[in-house]
Every structure is written in structure tokens, then in C-alpha cells.
Amino acid sequence: MSEDCIFCKIIAKEIPGDILYEDEQVMAFRDIQPAAPIHILIVPKKHIPSINEVTEEDETLLGHLHIVAKKLAEKEGIAERGYRLVINTGKEGGQIIYHIHLHLMGGKKLITPKHL
Ligand code: AMP
Ligand code: ZN
């Protein structure tokens, strides 16, 4: 838990979140400013600022985030149509909240930027 982290506060239920899933390791809630009809953030309960700070110890946790994303995509009915999973990292990667989160976006044909 990091005192000044908004995602730690959602995880601790100190501030509200539209929570869809929770287990011992992760929480998933809807993005407050959705970039797609379905936009869910899958967040480890452990406060890790970014992918730059992960260690070997976090290997299972990072895998688990993806398994939860897959299950939520099925639950939201977008598994077959397809979706996008993104982890923004650092300033030029567009990261705004420094607590790792996996974006699950779908429900429409997503635009692919030219650099991808
Ligand atoms: P990133 O740019 O990858 O750090 O993404 C941060 C995401 O968190 C953005 O898509 C925001 O809309 C979202 N966000 C910020 N505050 C909240 C909040 N209180 N509840 C849910 N999502 C949030
Ligand atoms: Zn945090």
C-alpha cells in the first residue's frame, strides 16, 4: 500500500471503484474515462509503480493478471470478437497512474496507431 496512490485506495476500498472482480492477488474495475465501450483495469493488489520495477518474484502475478483479463473478456462477451491488452509504462509510454495496471479494451473495432 502506497499512501498517495489512487489505485491502492480503490483496492483498500477507501475510495469507490466499479469493481468487477477481486481475489487475493488482483482487483479489476472499470476505467473511469473509458476509451472503448468496454474498458477494464486489472490491477495487482501489490503496489508496483511500473513494469520497470517488476522482479522475478512477480512472474506469477503478471501471468495471473492476464488470466483474469481473459476471463473478464469472456464474461463481457468480447472474447471471440477480440480486444486489446495494454500496459503503459513511463512518461513516453503514456503512463499516468504509477501502480501497474493492465488495460482490457474492446467492444468496438479498435484503431491501431501507425507506430504499432
Ligand atoms: P495509464 O495512462 O495507463 O496510467 O492509465 C490510467 C487509467 O486510469 C486511465 O485510463 C484513467 O482513466 C484511469 N483512472 C484514473 N483514475 C481512476 C479511478 N479513480 N477509477 C478508475 N479508473 C481511473
Ligand atoms: Zn498503489
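Presented here is an overview of the structure given in this document.

Rules used in this analysis
Residues numbered from 1 in each chain as written. Chains lettered and ligands numbered in written order. Predicted model: local features only at pLDDT ≥ 70, side-chain atom pairs only at ≥ 80, totals over all residues. Heavy atoms only, no water. Salt bridge = Lys/Arg side-chain N within 4 Å of Asp/Glu carboxyl O. Helix = DSSP H or I, 4+ residues; strand = E, 2+ residues; numbered from the N terminus. Buried < 20%, exposed > 50% of the residue type's maximum accessible area, 1.4 Å probe, protein only. Donors = N, O, S within 2.8 Å, 3.2 Å for Na, K, Ca; no water. Near = heavy atom within 4 Å. Polar contact = N/O pair within 3.5 Å; in protein donor to acceptor, adjacent residues only side chain to side chain. Areas by Shrake-Rupley, 256 points an atom, 1.4 Å probe, with all protein chains shown as cover. Contact = heavy atoms within 4.5 Å. Core = buried A, V, L, I, M, F, W, Y, C linked by side-chain atoms within 4.5 Å.

**Concerning the pattern of salt bridges**
Next up, step 1: Across all of its chains, the model carries seven salt bridges by this definition.
Next up, step 2: Across the salt bridge formed by K13 and E22, the nearest N and O atoms sit 2.8 Å from each other.
Next up, step 3: When the shortest N-O distance is used, the salt bridge between D18 and R30 registers 3.8 Å. Note that D18 is positioned in the loop between α1 (6–11) and β1 (19–22) and R30 in strand β2 (residues 26–30), a separation of 12 residues in sequence.
Next up, step 4: Residue class for D18 comes out partly exposed when judged on its relative accessible area of 43%.
Next up, step 5: In this structure, a network of salt bridges that share partners links the residues K13, E22 and K45.

**Overview of the coordination of the zinc ion (ligand 2)**
Next up, step 1: The coordination sphere of the zinc ion (ligand 2), as far as protein atoms go, consists of C5 (SG), C8 (SG), H47 (ND1) and H99 (ND1), spread over 2.0 to 2.3 Å.
Next up, step 2: Counting along the primary sequence, the residues that act as donors to the zinc ion (ligand 2) give the motif C-x2-C-x38-H-x51-H.

**Focus on the site of ligand 1**
Next up, step 1: Around ligand 1, the structure places 16 residues, and the nearest of them are D31, G94, I96, H101 and H103.
Next up, step 2: The separation between an oxygen atom of ligand 1 and a polar side-chain atom of H101 is 2.8 Å.
Next up, step 3: Within the complex, the protein chains bury 86% of what would otherwise be the 510 Å² of accessible surface of ligand 1.
Next up, step 4: Secondary-structure elements contributing two or more residues to the shell around ligand 1 are α1 and β2.
Next up, step 5: A per-element tally of the shell around ligand 1 places α1 first, with three residues.

**Description of the side chain of H39**
Next up, step 1: With respect to the element layout, H39 can be found in strand β3 (residues 38–44).
Next up, step 2: A polar contact is formed between the side chain of H39 and the side chain of H103, at a distance of 2.8 Å.
Next up, step 3: Residue contacts for H39: discarding those within four places in its chain leaves R30, D31, Q33, P34, H103, L104 and M105.

**Things to note about the nonpolar core**
Next up, step 1: If you look at the biggest cluster of nonpolar residues, it comprises 17 residues, and the most contacted ones within it are I40, I42, L65, L72 and L104.
Next up, step 2: If you list the elements that add at least two residues to this core, you get β2, β3, α2 (59–75) and β5 (102–106).
Next up, step 3: Here the element with the most residues in this core is α2; it accounts for seven residues.
Next up, step 4: Of all hydrophobic cores here, the second largest spans nine residues; its members include I10, I11, F29 and L41.

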